[in-house]
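# Chain and residue survey
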Amino acid sequence: MLTTAWVALSPLAFLLGYVAARAPWRRPARSGERGGGGDATSATYTTLHAAALAAPALRAGLDRDSARGAVHHLRALLGTRGVAITSAEAALAWDGPCTDDVLVYARATVAAGSAQVFPGEPHGAVVVPLTVDGAVVGTLAAYHDAVSAALVRAVVELGRWVSGQLELAELDALRRRALEAEMRALRAQISPHFVYNALTTIASFVRTNPKRARELLLDFADFSRYALRRAHDFTTLADELTCVDRYLLLERARFGDKLRFSMQVAPEVLPVPVPFLCLQPLVENAIKHGMRGRGGGGEVRVVVRDAGPEAHISVEDDGAGMDPECARRMLDDDPSREGSGIGLANVDLRMRQIYGDAYGLVVETALGEGTKVRLRVPKRRFS
């Protein structure tokens, strides 16, 4: 990440000097004038402002839409007659004059893997490769009346900066894929443990109480539709609690009166956005541990409070509890490994990745004292 950040930032230092040197308003300060450094300040602002406008599009990766969103600002950075962006196969976007030879130039540059200069009338071209993880993915071409050594260097440095932004886009995509993989792992963790027990419980009611079996089957269908859907990273707290309610109804059918549960929810926090499937694994964990050591029975309590800018959630059981060191190891465990703490480490990791380390799970427990898991969710949505 440090290498990518350096690649993304260091070319701007050269471009600052290049913009200052070519700025039409640049002139020496007259005797007695104040603010002789104003030209450099203006050049710095122009460069950083154009880079800031181009960066969001480039952080989406290299495609036609991102190229169109960035190309005008890249031309402003260079001050050339025209700028074009291509993939390895096609012209994606251009601003200003662009010759029909742009793809010929691009293919030659991709093949060479280095900057190429193409003389021409009325405009010559400097074309540089754009790379991601060492592989050439496209080109940046600048067209101008006269191709100078300074322009070649500026286009090379701008190409390095654009490549750095595309590297960051790839890191963002890898992060999203990692979160999606963790979500799939979480779903896979839930399914083997829960589906078999739920279907077995429903089957036990088919002959003795068909109406009850039908109700449970519908509850199971609602839970499965929610838990296994192709979902976004966020849902509402109301939907999460509905999922938990269906889950608890199915578990209550399995354990009967041995399992007691209660939910206390402040209605004003129901619309709060929360990470998808952040509560059900905590309730599943509470049932798993809460049913131990209390004569085969236990109680699970879910409390959701309004805390100003946050929603505070706790999931508590009155089971046998555990050594606090054991709870710490559960949170430090590999989220993809099955074992103690179904989904607990997964939820903790996702909360920290989305909101920061201050929003990880807090586990309060002691031997013989039950276990309470607390989490905090900001009311404003994080992208």
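Above this text you will find the structure in question.
To start, this report covers the structure provided alongside it. From a predicted model like this one, the values you see are computed outputs, not experimental measurements. (Residues numbered from 1 in each chain as written. Predicted model: local features only at pLDDT ≥ 70, side-chain atom pairs only at ≥ 80, totals over all residues. Heavy atoms only, no water.)

## Here's the deal with the environment of Arg-301
Keep this limit in mind: Think of it this way: any DSSP run of H or I at least four residues long counts as a helix, any run of E at least two long counts as a strand, and we number them from the N terminus. Here, two residues are considered to be in contact whenever any of their heavy atoms come within 4.5 Å of each other. Any pair of N or O atoms that falls within 3.5 Å is considered a polar contact. Within protein, one atom must be able to donate a hydrogen and the other to accept it, and sequence-neighbouring residues count only if both atoms are side-chain atoms.
If you trace the backbone, Arg-301 turns up in strand 9 (residues 298-307). Counting along the chain gives 14 residues from Arg-301 to Val-315, while the straight-line C-alpha distance between them is 5.8 Å. Aside from chain neighbours lying at most four places away, what touches Arg-301 is Ser-262, Ser-314, Val-315 and Glu-316. Within polar-contact distance, the side chain of Arg-301 engages the side chain of Glu-299 at 3.4 Å.

## Considerations on the pattern of salt bridges
Here is the rule we go by: We count a salt bridge whenever a side-chain nitrogen from Lys or Arg sits within 4 Å of a carboxyl oxygen from Asp or Glu. Note on classification: 1.4 Å probe, protein chains only; a residue is buried when its accessible area is under 20% of the maximum for its type, exposed when over 50%, partly exposed between these limits.
A full pass over the atoms with the stated rule returns 19 salt bridges. Linking Arg-153 and Glu-157 is a salt bridge whose minimum nitrogen-to-oxygen distance equals 2.9 Å. Here Glu-157 and Arg-153 lie together in helix 5 (residues 149-205), a separation of four residues that amounts to about one turn. Glu-157 sits in the buried class, given a relative accessible area of 6%.

## Quick notes on helix 10 (residues 344-355)
Owing to its 3.6 residues per turn, the α-helix brings residues three or four apart onto one side. The criterion, for reference: For a helix, the expected span equals 1.5 Å multiplied by the residue count minus one.
Here helix 10 is 12 residues long and its end C-alpha atoms lie 17 Å apart, about the 16 Å a rise of 1.5 Å per residue gives. Most of helix 10 is tucked away, with nine of its 12 residues classed as buried. Residues of helix 10 that are buried: Leu-344, Ala-345, Asn-346, Val-347, Asp-348, Arg-350, Met-351, Ile-354 and Tyr-355. Of the residues flanking the end of helix 10, it is Gly-356, one or two places downstream, whose phi is positive at about 110°.

## Comments concerning the packing of aromatic side chains
Operational definition: Stacked, tilted and edge-to-face are the three classes assigned to paired rings of Phe, Tyr and Trp, where Trp is represented by its six-membered ring and a pair needs centres within 6.5 Å; plane angles under 30 degrees give stacked, over 60 edge-to-face, the rest tilted.
The full count for this structure, using the stated rule, is four aromatic pairs. The interplanar angle of 10° and the centroid separation of 4.1 Å between the aromatic rings of Tyr-105 and Phe-118 together place this pair among those described as stacked. Linking Tyr-105 in helix 4 (residues 102-112) with Phe-118 in strand 3 (residues 116-118), this pair joins segments that are 13 residues apart in sequence. Neither residue differs from the other here; Tyr-105 and Phe-118 are each classed as buried. Ring geometry for Tyr-226 and Phe-276: centres 5.0 Å apart, planes at 50°, overall tilted.

## Here we look at helix 7 (residues 237-255)
If you check helix 7, its first and last C-alpha atoms are 26 Å apart, about what 19 residues at 1.5 Å a residue would give, namely 27 Å. The set of residues buried in helix 7 consists of Leu-237, Glu-240, Leu-241, Cys-243, Val-244, Tyr-247, Leu-248, Leu-250, Glu-251 and Ala-253. Just downstream of helix 7, Gly-256 is the residue with a positive phi angle, here 65°.

## Brief notes about the sheet that holds strand 10 (residues 310-317)
Hydrogen bonds between backbone atoms are what pair the strands of a sheet, whose relative direction is either parallel or antiparallel. Note the following rule: For two strands to be treated as a pair, DSSP must find no fewer than two bridges joining them. Note on method: axes are straight lines fitted to C-alpha atoms, helices fitted across the in-contact stretch only, with angles between N-to-C directions ranging 0 to 180 degrees.
Taken together, the five strands give an open sheet; going across it, the order is 7-9-10-12-11, and neighbouring strands pair in mixed fashion. Sheet topology places strand 7 (259-265) and strand 11 (362-365) at the edges, where each strand pairs with a single neighbour. Neighbouring strand axes in the sheet, compared pairwise and without regard to direction, differ in orientation by 15° on average.

## So, the packing of helix 7 against helix 8 (residues 280-290)
Stated formally: In what follows, roughly perpendicular refers to angles from 65 to 115 degrees, roughly parallel to angles under 35, roughly antiparallel to angles over 145, and oblique to any angle outside these ranges. The crossing is said to be left-handed when, going from far helix to near helix, the turn is anticlockwise and less than a right angle, and right-handed when the turn is clockwise.
Between helix 7 and helix 8, the least distance of the axes is 9 Å, while the angle of their chain directions is 25°. Classified by the angle between their axes, helix 7 and helix 8 sit roughly parallel to one another. The handedness of the crossing between helix 7 and helix 8 is right-handed. Only Gln-280, Val-283, Glu-284 and Ile-287 of helix 8 make contact with helix 7, whose side of the interface consists of Glu-240, Cys-243, Val-244, Tyr-247, Leu-248, Glu-251 and Phe-255.

## Examining the side chain of Asp-95
One can find Asp-95 in strand 2 (residues 91-95). The exposure class of Asp-95 is buried, given its relative accessible area of 18%. For Asp-95, the side chain forms a polar contact with the side chain of His-72, separated by 3.4 Å. In this structure, Asp-95 is in contact with Val-71, His-72, Arg-75, Arg-81, Gly-82 and Val-83, ignoring residues within four places of it in sequence.

## Regarding the environment of Gly-297
Secondary-structure assignment places Gly-297 in the loop between helix 8 and strand 9. Gly-297 has contacts with Lys-258, Gly-290 and Met-291, leaving out every residue within four places of it along the chain.

## What to know about the packing of helix 6 (residues 210-227) against helix 7
Two elements in contact, helix 6 and helix 7, have axes separated by 9 Å at closest approach and are oriented at 140°. Between helix 6 and helix 7 lies a crossing whose hand is left-handed. Residues Arg-212, Leu-216, Asp-219, Phe-220, Asp-222, Phe-223 and Tyr-226 of helix 6 form the contact with helix 7, whose own contacting residues are Asp-239, Glu-240, Cys-243, Arg-246, Tyr-247, Leu-249, Leu-250 and Ala-253.

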